[in-house]
Amino acid sequence: MRIENVEIINFRQYKNIEFDFKKNNSRDLHIILGNNGIGKTNLLNAISWCLYGTEPHLGNEKIARKRINASELENAILLGKEKCQTKVTVTISVDNKLIAFERTQEFKATKNPFEFKPVFVVTIIAQEANKVLTDIEEISNIQKQYLPEEISEYFFFDGEQLDKYFISDQGEKIHEAIYNISQVNLLSSMSDRIGNVIREFHTQAGKKNVGISELNARKSEIEATVINLEESISNCKKQIGIAESEITICNEFLAGKEGVPEKEKEYQDLAKDIEEKELELTRYSADFKQFLREFKILFSLYPKLKETLELIDSKENQGELPPNIDKQFLERMLKYHKCFICDRPMEDEEETKVENLLDQLKLSSSVSHLLVKIKSPLEESLGRCKAYPKIREELLHREKTIRESLDNLNERFNKLDAYLKNYQDKEKIKDMYEKRSKYDEIRKKNENNKAKFELQRDDTRKTLDKIEDELAKAIEKQEELKVLKKQIAFVTESKSIVEEIETEMMQEVREKMTEETMNMFKRLDWKTETFSHIILDDSYVLELYDTYGYPMVGACSAAERALLALSFTLALQKVSGYDSMLFIDTPVGRVDLENRANFATVLSQIAENKQVIMTFTPSEYSQEIKNVLEPCASTFKELKTADESETFIG
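Below is a short write-up of the structure. (Residues numbered from 1 in each chain as written. Predicted model: local features only at pLDDT ≥ 70, side-chain atom pairs only at ≥ 80, totals over all residues. Heavy atoms only, no water.)

What to know about the pairing of strand E4 (residues 83-94)
- Among the twelve residues in E4, nine count as buried, and that is most of the element.
- Here seven bridges tie strand E1 (residues 2-11) to E4, and the two strands are oriented antiparallel to one another. What sits directly across from Ile-8, in E4, is Val-88.
- Looking at chain direction, E4 and strand E5 (residues 97-108) are connected through twelve bridges and run antiparallel. Residue pairing in the sheet places Gln-85 in a bridge with Glu-106 of E5.
- If you look at the hairpin formed by E4 and E5, you'll find two residues sitting between the two strands, and Asp-95 has a positive phi there, around 55°. (Buried < 20%, exposed > 50% of the residue type's maximum accessible area, 1.4 Å probe, protein only. Helix = DSSP H or I, 4+ residues; strand = E, 2+ residues; numbered from the N terminus. Pairing = 2+ DSSP bridges.)

Set out below in structure tokens:
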């Protein structure tokens, strides 16, 4: 099967354009060149929309152009037209006939155009007669026969995602693709129908026996529980797949950048520590200045302080200074005839002693009191002077410690600053670390839930087996149900046989897929000595192993993973019998420069046996790729635009 022609009318920036993909030489290779935003991916979207009514490569729908061409809409509004329309026609050749898929959609000619329901028509053009199909079921059968939507991603590739096909849990998708493409789904449908027949027989038996009816009800309830648990397990697998895909993307981005967020945090912490240490140094400087001012005053007053203290000591030794007694305190005791020290009335003899003491305090003048009062501060000041060397040493040691710590912080800060200057995307690195941690938690959570649901499912299945045994025994006991029993036994055995065939077919297809994928990969890969074998396990997870037996999918280059995806696609098409074309948007978008020429050579080799359509940006279409592809290309088209509102073939 190959695409012969694509005609696009009023689809986004395509106003009226036709792509012819005639095979002009031995290689069915077609190249489309255009700048970013000119409409290369929208060509792929137009084809997908025409065939399936969906646009899987649209990106952000909120900011995407409207499907109807903007200038066509404006012109319709200007001319007062009620409607305008978009139309895409894809014509394929297969089995000696042409099949034209045509999807048309009308829009109300307003600033915010209302979308009418699309009209989808398929025309089969054959030598004997032409046939126009409008019936949904007939069209669906044609689609499933030649371009089934379930496996459309194995015909139409987004090159930016090509290397992501096997770095996440693609098991469910691969299983579904093989399931549909190998027609095993027909057996599954047959098994479901037989299951309905069994349920109907059980219902008939239940009408004749209340106990059987109750067992049937329990059986249906348990079967529903098993189905719900299977759905929960499947959902967990999908979530695990999404998480592993995101984790791998983060790991790829963070390769060589490990530790950057930690270093960035350390950098910020160091900046904060330096700020605090500089503040501490500022406080120290203030303390040292205060120390210098204090001791400058103390040392300038030292002789006088010492002389005054010696004078006070001399007078004390000579008894010229009274003891430090409060006269007013003694006078109040006499006035109230009470001792305020022991809190009791004083006797006459005691009052006489107090009076004599007051008489002896003849020198208790304000000067003598002042001398007594300043003695302690004088002693303290002279003591401070003696402690000067120790205080100074402590302050100088404190300064040294602060400066050494600050120098060390600055040294570490400068090294980190020089290291982090190599990374201009530190915020993105940080976001990627956080994203990886988030998805790692999601993965672990879903792995735990999956294990829990699987255990519950297995236990529920055991209960279901017991119920089915009880049901079989209950039916066997009923004499009038002998015929029904034989019928149930027959259809049950038939269901078992169908399920065994289904399992065997899936196993056979899986083994063929494994072998053929490796054969294709070895034939196309330019590093054949590196890889040993491929395993497509029971969960349909594909893994590539090196010659030492280590798994390599996550460690492969983008080019090798893209090549593995192509090998798998070619194997899938060969094993299934769907000999389809390949459309790859930006095939070398994520392929490193040194491998692009090799990858282009592989694509040119594939084009020897099937149609390959590729889109490139000018930067991707390097001289190396041009040298490989252009000499053997059947068609080459360059997309251009005059005002960015309309794209045409230049």
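Concerning the pairing of strand E2 (residues 14-20)
- When E1 meets E2, the two strands line up antiparallel, connected through six bridges. In the sheet register, Glu-7 faces E2, and the bridge partner there is Glu-18.
- The hairpin turn running from E1 into E2, its antiparallel successor, is two residues long, and Arg-12 in that turn takes a positive phi close to 50°.

As for the sheet that holds strand E14 (residues 612-616)
- Judged by pairing direction, the sheet is mixed, and its six strands sit side by side in the order E8-E13-E14-E3-E15-E16 without closing on themselves. The strands lining the two open edges of the sheet, one partner per strand, are strand E8 (156-158) and strand E16 (647-649). For this sheet, the mean angle separating the axes of adjacent strands, direction not counted, is 20°.
- Pairing analysis gives four bridges linking strand E13 (residues 582-585) to E14, with the strands arranged parallel. Considered in E14, the bridge of Ile-584 is made with Met-614.
- Contacting strand E3 (29-33), E8, E13, E14 and strand E15 (635-641), helix H1 (residues 40-52) crosses the sheet at an angle of about 140° to E13. (Axes fitted to C-alpha atoms, helices over the stretch in contact; angles between N-to-C directions. Contact = heavy atoms within 4.5 Å.)

Overview of the packing of aromatic side chains
- The tally for this structure, following the rule as stated, stands at 18 aromatic pairs.
- Members of the aromatic cluster, connected to one another through ring pairs, are Tyr-284, Phe-288, Phe-291, Phe-295, Phe-299 and Tyr-388.
- One cation-aromatic arrangement involves Arg-436 over Tyr-433; the distance from NZ or CZ to the ring centre is 5.0 Å. (Phe/Tyr/Trp six-rings, centres within 6.5 Å; stacked < 30°, edge-to-face > 60°. Lys NZ or Arg CZ within 6 Å of the ring centre and 35° of its normal.)

What to know about the nonpolar core
- Core analysis: the largest hydrophobic core is formed by 85 residues, its most contacted members being Ile-8, Phe-19, Ile-92 and Phe-156.
- Looking at this core, the element that brings in the most residues is helix H15 (residues 558-576), giving nine residues.
- Leaving out residues up to four positions away in the same chain, Phe-156 has contacts with Ile-3, Leu-44, Ile-47, Leu-51, Tyr-52, His-57, Met-581 and Phe-583. (Core = buried A, V, L, I, M, F, W, Y, C linked by side-chain atoms within 4.5 Å.)

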